[in-house]
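Residue-level listing of the chains:
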Amino acid sequence: MEDEAEIYDGIRVQFPLTFGKQQKSQTSLEAVHNATRRSTASKNSDNKTDEALPSVSSSSKAWLDSLRNSKSPNPSPNGSVIGPPPGPVPDEDDVMVGPPPPPPGLGEDDDDDGMIGPPRPPVGPSSDSDEEEGEENRYRIPLSNEIILKGHTKIVSALAIDLSGSRVLSGSYDYTVRMFDFQGMNSRLQSFRQLEPFEGHQVRNLSWSPSSDRFLCVTGSAQAKIYDRDGLTLGEFVKGDMYIRDLKNTKGHITGLTCGEWHPKTKETILTSSEDGSLRIWDVNDFKSQKQVIKPKLARPGRIPVTTCAWDREGKCIAGGIGDGSIQIWTLKPGWGSRPDIYIEKSHSDDITGLKFSSDGKTLLSRSFDGSLKVWDLRQIKAPLKVFDDLPNNYAQTNVAFSPDEQLFLTGTSVEKESTTGGLLCFYDSSKLELVQRVGISPSGSVVQCAWHPRLNQIFATSGDKSQGGTHVLYDPTLSERGALVCVARAPRKKSVDDFEAPLVIHNPHALPLFRDQPSRKRQREKILKDPIKSHKPELPITGPGHGGRVGTTKGSLLTQYLLKQGGMIKETWMEEDPREAILNLNLFLQSRILRMKRNDLICWSNIELNWLSGRMDPYAYFPWWIIAKV
């Protein structure tokens, strides 16, 4: 055995270390998450103007402030310090090297104890800093890491995450919907399916059913579509008659949709709003007609668009944002109609883009084009509880969302022309009604849709501009579960030589058309060019005059004439004769007849004969027509 081992080692020395099957290198999860970690500067874009939004924790900030204020080290008077003796006092311009000295006032009680380890935080502001740090940790916002689901060529205007958090839908102004699956996706973050619901119409809203087996797609057309979980079309709602004035008598919307949402409890009911000035409740089992038509209350008769709509948490109330700036709420009860139960007149000075109920149904959040977010108490609707301004909004799909525990609510901002800040995601405290944090999402793109998934504990925010769009997923490896954590750690599969497979060619001319060889394109083009119908060849002009005042190939407009000509009873050959040749033949014929008449002494031919024979005389000028016909 020893001899064999020596022989093996001797042979192995002759080969390089990389010879043979190598062990695959495993990338640690820490390295993977470090690659997706967000920079500190992008977390708080407003830290220069708002001191309540630090980029570090409160305790660390207080400790750094104490270091800036301390000019010289003050060791304990009688205590023995372990380590090298302190050096000379540095000047104000010198840079401090090594661990900072403890703040003054520490170690006076224990004169004999030496200081070991890093200094403790200051005693004075410790209570306040602990409270601030605990207040920040109370929200537990997952912001440390970020991934982007790309693929759209324009801004992403619609977002929907199913109940389990495994599938994400994103709709864009490029008329497409992309479907992402966290369980089957790798680190390349590619969508597994792309849909185009309605050609030439922007995707305005997406909504999953309560059981997550179907989803609703709302576009700029008048017809909403229902798809199954895999992206197959299940049905399309009917379009109403645009010539009927009363909207209650139409079977569907007559103009473009603005919003749509599935019922939170019943999986057969959906709600849509449209630019025709109505809200409609549909049954997904009947695509031919709606269940209920809701006409908002208007100050003057007309058609004012309904810009957005929303269900409450239990599905018992409907809220609609009207184009005149009002918010109207209807309660579903027996015998209810179009008269709203709650009417907030002039809630915003511009169109409303998003509405959101709280879980208890007592609070309503509204987002508008006027750059504001308002908090309403539905028990006192005379004035809003709080108004948050300086939130630019340029998109009709900008929404507002709650956190899973409803301690926070969040919304996105749009990028203005002369602004230096990009699209932001703003977090607000629900109880204190104050700004908590601003997070930079995109330096050049606007933030439109946002959502905080309760099971994944991950924040989704859509952004983009006129040339690109994506969905940003914010997560924290210590706070979040599944979702982005699953696909980020999954490396893409490497292609192998065994993966190559030559395409099979089946030569069977007598099989079905599916298996037949396609004819050559050159022959196919030549065949199409010969066919006047397929090649769209224009008709050739009709040659020769018509007959009886009509232009045509039958040379006659009557059926009797056509039948006589076909039977040979009517012969007309002058259409095919040459007119010059016919005139010469007529001259020869007339000359022969005149010579015959001269012999019979019927007419004197003294001067007429010379002119006629010379060709200077017209026979019709001297002879009546009946004489020429007789001749």
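What counts, and at which threshold
- Counting starts from 1 at the beginning of each chain's written sequence and moves along it residue by residue.
- Only residues with pLDDT of 70 or above have their local features reported here, since the model is predicted, and side-chain atom pairs are shown and tallied only from 80 upward, although totals for entire chains, interfaces and linings are computed over all residues.
- Where side-chain values are given, they derive from all heavy atoms of the structure, hydrogens and water being excluded.
- Helix and strand assignments come from DSSP, with helices taken as H or I runs of at least 4 residues and strands as E runs of at least 2, each series counted from the N terminus.
- Burial classification: accessible surface area is computed with a 1.4 Å probe over protein chains only, and a residue below 20% of its type maximum counts as buried, one above 50% as exposed, and the rest as partly exposed.
- Here, residues are in contact when the closest pair of their heavy atoms is within 4.5 Å.
- Using a 1.4 Å probe, the Shrake-Rupley method yields the accessible areas, and only the shown protein chains count as cover for residues.
- A pair of strands is considered paired only if DSSP assigns at least 2 bridges between the two.
- Axis definition: a line fit to C-alpha positions, over the contact stretch in the case of helices; interaxial angles, taken between N-to-C directions, run 0 to 180 degrees.
- Residues belong to one nonpolar core when they are buried, are Ala, Val, Leu, Ile, Met, Phe, Trp, Tyr or Cys, and are joined through side-chain atoms within 4.5 Å.
- A pairing counts as a salt bridge when a side-chain nitrogen of Lys or Arg comes within 4 Å of a carboxyl oxygen of Asp or Glu.

Undergrad: Break down the overall build of the protein chain for me, with residues and values.
TA: In terms of regular secondary structure, the protein chain is built from 12 helices and 28 strands. Going through the 631 residues of the protein chain one by one, you find that 38% of them count as buried. The long-range share in the protein chain, meaning contacts at least 24 apart out of those at least 6 apart in sequence, stands at 50%. Taken as a whole, the protein chain presents about 39100 Å² of accessible surface, with 52% of it coming from carbon and sulfur.

Undergrad: Go over the sheet that holds strand β3 (residues 167–172), please, and point to the residues and values.
TA: Across a sheet, strands are paired by hydrogen bonds formed along the backbone, either parallel or antiparallel in direction. Taken in spatial order, the 4 strands make up an open sheet running β2-β3-β4-β5, and their pairing is antiparallel. Lying at the two open borders of the sheet, with one neighbouring strand each, are β2 (156–161) and β5 (193–195). Averaged over all pairs of adjacent strands, the angle between their axes in this sheet comes to 20°, without regard to strand direction. Two strands pair when backbone bridges link them, and strand β4 (residues 177–181) and β5 are joined in this way by 3 bridges, in the antiparallel orientation.

Undergrad: Report on the sheet that holds strand β16 (residues 327–331), specifying residues and quantitative values.
TA: Taking strand neighbours across the sheet as the criterion, the 4 strands line up as β14-β15-β16-β17 in an open arrangement whose pairing is antiparallel. For this open sheet the edge positions go to β14 (306–311) and β17 (342–344), each flanked by a neighbour on one side alone. Direction aside, neighbouring strands of the sheet carry axes that sit 15° apart on average. The pairing of β14 with strand β15 (residues 317–322) spans 5 bridges and is classified as antiparallel. Looking at β15, one finds that T308 is bridged to G321.

Undergrad: Give a description of the nonpolar core that names residues and reports values.
TA: Formed by 19 residues in total, the largest nonpolar core has its most connected members in I147, L149, V168, F182, M185, F460 and C487. Contributions of two or more residues to this core are made by β1 (145–152), β2, β28 (469–475) and α6 (484–488). Looking at this core element by element, the count peaks at 4 residues for α6. Excluding its chain neighbours within four sequence positions, the residues that come into contact with F460 are L159, I161, V168, F182, Q449, C450, A451, H453, T471, H472 and V473.

Undergrad: Before we move on, can you summarise the pairing of strand β8 (residues 225–228) with the specific residues and values?
TA: Put simply, side chains in a regular strand alternate between the two faces of the sheet. Burial of the side chains of β8 extends over both faces: K225 and Y227 are buried on one face and I226 and D228 on the other. Sheet topology note: the strand β7 (residues 214–219)/β8 ladder contains 4 bridges and is antiparallel. The partner of F215 across the bridge, within β8, is Y227. Between β7 and β8, which follow one another and run antiparallel, lie 5 residues. In this sheet, strand β9 (residues 233–236) lies alongside β8 in antiparallel orientation, the contact comprising 3 bridges.

Undergrad: How would you sum up the pattern of salt bridges? Please name residues and give values.
TA: Following the criterion strictly, the structure yields 11 salt bridges and no others. Residues R204 and E275 are paired through a salt bridge, measuring 3.2 Å at the closest nitrogen-oxygen approach. In this pair, R204 sits in strand β6 (residues 203–208) while E275 sits in the loop between β11 (269–274) and β12 (279–283), placing the two residues 71 residues apart along the sequence. Note on R204: relative accessible area 18%, which makes it buried. On the basis of relative accessibility, which here comes to 38%, the residue E275 falls in the partly exposed class.

Undergrad: An account of the environment of V293 is requested, with residue identities and associated values reported.
TA: By the element assignment, V293 lies in strand β13 (residues 292–294). Those residues within four positions of V293 in sequence are excluded, and the remaining contacts are L247, K248, S278, L279, R280 and S338.

Undergrad: Account for the side chain of T307, with residues named and values stated.
TA: For T307, the location among the structural elements is in strand β14. The buried category is assigned to T307, whose relative accessible area is 14%. If sequence neighbours within four positions are ignored, T307 has contacts with T258, C259, S273, G321, I322, G323, D351 and I352.

Undergrad: I'd like a rundown of the pairing of β16, residues and numbers included.
TA: Burial analysis of β16 places 4 of its 5 residues in the buried class, the great majority of the element. Taken together, the 5 bridges between β15 and β16 define a ladder with antiparallel strand orientation. The residue bridging G320 from the neighbouring strand is Q328, located in β16. Taken together, β15 and the strand that follows it, β16, pair antiparallel across an intervening segment of 4 residues, in which G325 is found at a positive phi of about 90°. The pairing of β16 with β17 spans 3 bridges and is antiparallel. Within the sheet, the bridge partner assigned to Q328 lies in β17 and is Y343.

These figures capture arrangement, not role.
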